[in-house]
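# Fold and contact review
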Amino acid sequence: MSTSLADRPRARTIDFVPDAFVVHLLDGRSLTVPLEWFPRLRDASPEQRARYRFSGHGYAIHWPEIDEDISVPGLLGLPD
């Protein structure tokens, strides 16, 4: 059974909390992700972390200044 792109999880917003970031999904779920999993984000300044953009209508998150890309399905353990 295949899943259409419209059925894939997508990010709505991101918040940073101490030692983690929270990805709020369009379907209402929220994922708390340890910054330790992503050393570039962990080592980035708060200003650099705040300068992200969504790719693919929320399917991925990109931080251009630190060259970090995170797949939302990947955070959920789903194939990209």
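Look above for the structure.
Quick summary incoming for the structure in this document. All of these numbers come straight from a predicted model, not from anything done at the bench. (Residues numbered from 1 in each chain as written. Predicted model: local features only at pLDDT ≥ 70, side-chain atom pairs only at ≥ 80, totals over all residues. Heavy atoms only, no water.)

Even without being a glycine, Asp19 presents a positive backbone phi close to 70 degrees. Position of Asp19 relative to the elements: it lies in the loop between strand 1 (11-17) and strand 2 (20-25). With a phi close to 55 degrees, Asp67 is a non-glycine residue in the positive phi region. (Helix = DSSP H or I, 4+ residues; strand = E, 2+ residues; numbered from the N terminus.)

Now for the pattern of salt bridges. The final tally for this structure, using the stated rule, is four salt bridges. Between Asp27 and Arg29 there is a salt bridge; the shortest N-O distance is 2.7 Å. Across the pair Asp43 and Arg42 runs a salt bridge whose closest N-O atoms are separated by 2.9 Å. Asp43 sits in the exposed class, given a relative accessible area of 58%. Connected through shared salt-bridge partners, Glu36, Arg42 and Asp43 make up one network. (Salt bridge = Lys/Arg side-chain N within 4 Å of Asp/Glu carboxyl O. Buried < 20%, exposed > 50% of the residue type's maximum accessible area, 1.4 Å probe, protein only.)

Bridge analysis of strand 5 (residues 60-63) against strand 6 (residues 68-71) gives four bridges, and the strand direction is antiparallel. Within the sheet, the bridge partner assigned to Ile61 lies in strand 6 and is Ile70. Here strand 5 hands over to strand 6 after four residues, with Asp67 in that stretch at a positive phi of 55 degrees. (Pairing = 2+ DSSP bridges.)

So, on to the side chain of Arg49. Summarising the element assignment, Arg49 is placed in helix 2 (residues 46-50). In this structure, Arg49 is buried with no salt-bridge partner, the nearest side chain bearing the opposite charge being Asp43 at 6.7 Å. Other than its neighbours up to four places away in sequence, Arg49 contacts Phe16, Leu35, Leu41, Arg42, Asp43, Ala44 and Trp63. (Lys, Arg positive; Asp, Glu negative; His and termini not counted. Contact = heavy atoms within 4.5 Å.)

What follows is about the packing of aromatic side chains. Following the criterion strictly, the structure yields five aromatic pairs and no others. Centroid distance Phe16 to Phe21: 5.8 Å. Interplanar angle 40 degrees. Geometry classified as tilted. According to the relative accessible area criterion, Phe21 is buried, its value standing at 0%. With 6.1 Å between their ring centres and 55 degrees between their planes, Tyr52 and Trp63 make a pair best called tilted. Of this pair, Tyr52 sits in the loop between helix 2 and strand 4 (53-55) while Trp63 sits in strand 5, and the two are eleven residues apart along the sequence. A relative accessible area of 0% means that Trp63 is categorised as buried. (Phe/Tyr/Trp six-rings, centres within 6.5 Å; stacked < 30°, edge-to-face > 60°.)

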